[in-house]
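Chain and residue survey
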Amino acid sequence: MSESSAETAVEAAVAASSAVSAAGAANWRRAGVAGVAIGVVAAGAAAGVAIERLTVGRGMRRKARLALDSAGPYGSLRGMPGKVLAADGTELYYEVDEVEADSALAPRRRRLFGRKAPAPVTVVFSHGYCLSQDSWHFQRAALRGVVRTVHWDQRSHGRSGRGVAQVRDDVPVTIDQLGQDLKAVIDAAAPEGPLVLVGHSMGGMTMMALADQYPDLIRERVVGVALVGTSSGRLGEVNFGLPVAGVNAVRRILPGVLKALGQRAELVERGRRATADLFAGIIKRYSFASRDIDPAVARFAERLIEATPIDVVAEFYPAFTDHEKTEALAHFTDLPVLVLAGVKDLVTPSEHSEAIADLLPDAELVLVPDAGHLVMLEHPEVVTDRLADLLTRVGAVPAGATVNGYGSTSNSAQPG
């Protein structure tokens, strides 16, 4: 049996503080702040995994992770692959799921004057920070074959290439750049026909940047919008569920710490693997709120986040502080809009979704109790039902259509 997470957290805080103070006596104040900040974060994570570490051995936990990795189909859905180059040459990866022919839902219609049938509605899914297109697993499973969908990986995430501007030219990532990336994907995967845009967290911000830079596209082609667990700005004020003193310390040092860690990516990745239990506690705390989350789903979320290299984490983080797209929401005013968030989201608090809904008075606001940041994995039935309703309202699917099974995340249910 290994030592408790509480002891590990204290040791991590002391070690971090000592390492920083060794840089020079003149920096003792900064070292103290770093120690406090790291201690606060570590203690919060320890609270989430202390019981497990006290009762389950390290080897058993490793075997459990391997078993969970092989259980369930999470992240296994694949579509027709495609690639497109962003403005800076970054290779963006996407997949398309086409509509299945169904005579009951799509009766034969006589074409007039030889014109081809109109392009179907395409639903474009944009994922969040440190995730990939697979984070929409449940919604993709439910809508598969019912409506045409496009799932893509943001630059430096998933199967997309590392950001060329970031690696070659050391250019900071911006949300505006992500909006341009989304435009490139739309041009390649859905060059014509109506669009429904769906985005979670950073994906929702990407959609706002798209609207800000390409208002004609929104006006002429977008027929519906879904913003899930996202924000239009003021993310620098989020406290992540930490005490005020702790979060202020974290804000001051985190950009510099992440940059330093990104420069030692190989070493840090080895450290992440060695402290997998501690990271699992952090991920679970900031991803979910439900106590009975399916362990396989929780492990799936870990895998998604663990797959994001630390240098990518460091590159993207500053962009959120600069994100301010409140005025861009005006481009969605006349559209059917779904705004959905978990009430216990610590990353983009539900108050940010309420602020978006206040600016879009005709939007449907859905606040999901007992849900955290990854609400689409934690309560897929709620997200899919509200999304299906939006698609019906905009005519993307026939009123009589039914979605496929999408499973549940409770620990007593089978994967969808």
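Residues numbered from 1 in each chain as written. Predicted model: local features only at pLDDT ≥ 70, side-chain atom pairs only at ≥ 80, totals over all residues. Heavy atoms only, no water.

**Observations concerning the pattern of salt bridges**
Taken as a whole and assessed by the stated rule, the structure comprises 24 salt bridges. Two residues, Lys325 and Asp176, come together in a salt bridge whose shortest N-O distance is 3.0 Å. Of this pair, Lys325 sits in the loop between helix 13 (310–322) and strand 7 (337–342) while Asp176 sits in helix 6 (residues 175–189), placing them 149 residues apart in sequence. For Lys325, a relative accessible area of 11% corresponds to the buried category. Residue classification places Asp176 among the partly exposed residues on the basis of a relative accessible area of 29%. Asp370 is paired through a salt bridge with Lys344; the nearest N and O atoms lie 4.0 Å apart. Highlighted residues: Asp370 in the loop between strand 8 (364–368) and helix 15 (375–378) and Lys344 in the loop between strand 7 and helix 14 (350–359), separated in sequence by 26 residues. (Salt bridge = Lys/Arg side-chain N within 4 Å of Asp/Glu carboxyl O. Helix = DSSP H or I, 4+ residues; strand = E, 2+ residues; numbered from the N terminus. Buried < 20%, exposed > 50% of the residue type's maximum accessible area, 1.4 Å probe, protein only.)

**Let's talk about the environment of Asp216**
Structurally, Asp216 is set in helix 8 (residues 215–221). Residues Asp216 and His331, 115 residues apart in the sequence, show an inter-C-alpha distance of 9.3 Å.

**So, helix 7 (residues 202–213)**
The end-to-end C-alpha distance of helix 7 is 16 Å, a good match for the 16 Å that 12 residues give at a rise of 1.5 Å each. With respect to burial, helix 7 is a largely interior element, 10 of its 12 residues being buried. By the burial criterion, the buried members of helix 7 are Met202, Gly203, Gly204, Met205, Thr206, Met207, Met208, Ala209, Leu210 and Ala211. (Expected span 1.5 Å × (residues − 1).)

**Quick look at the confidence of the model for the protein chain**
On average, the protein chain scores 79 in pLDDT, and the residues at 70 or more come to 66%. Within the model, the stretch residues 1–57 combines pLDDT values under 50 with 55 contacts to residues more than four positions away or in other chains. Between residues 407–416, whose pLDDT stays under 50, and residues either more than four places distant or in other chains, the model counts 29 contacts. (pLDDT = per-residue confidence, 0-100. Contact = heavy atoms within 4.5 Å.)

**Quick notes on the sheet that holds strand 5 (residues 195–200)**
Strand order in the open sheet made by the 8 strands is 1-2-4-3-5-6-7-8, with mixed pairing throughout. Each edge of the open sheet is held by one strand with a lone partner, namely strand 1 (80–85) and strand 8. In this sheet, adjacent strand axes meet at a mean angle of 20 degrees when their direction is disregarded. The sheet contact formed by strand 6 (residues 222–228) and strand 7 spans 4 bridges and is parallel. (Pairing = 2+ DSSP bridges. Axes fitted to C-alpha atoms, helices over the stretch in contact; angles between N-to-C directions.)

**Things to note about the pairing of strand 4 (residues 148–152)**
The buried fraction of strand 4 is high, at 5 of 5 residues. The two faces of strand 4 match: Arg148, Val150 and Trp152 on one face and Thr149 and His151 on the other face are all buried. Note that strand 2 (residues 91–97) and strand 4 share 4 bridges and pair antiparallel. Within the sheet, the bridge partner assigned to Tyr94 lies in strand 4 and is Trp152. In this structure, strand 3 (residues 122–126) lies alongside strand 4, joined through 5 bridges in parallel fashion. Residue pairing in the sheet places Phe125 in a bridge with His151 of strand 4. As for the winding sense of the linkage, the β-α-β connection from strand 3 through helix 4 (residues 137–143) to strand 4 is right-handed. (Right-handed = clockwise from strand over helix to strand, strands pointing away.)

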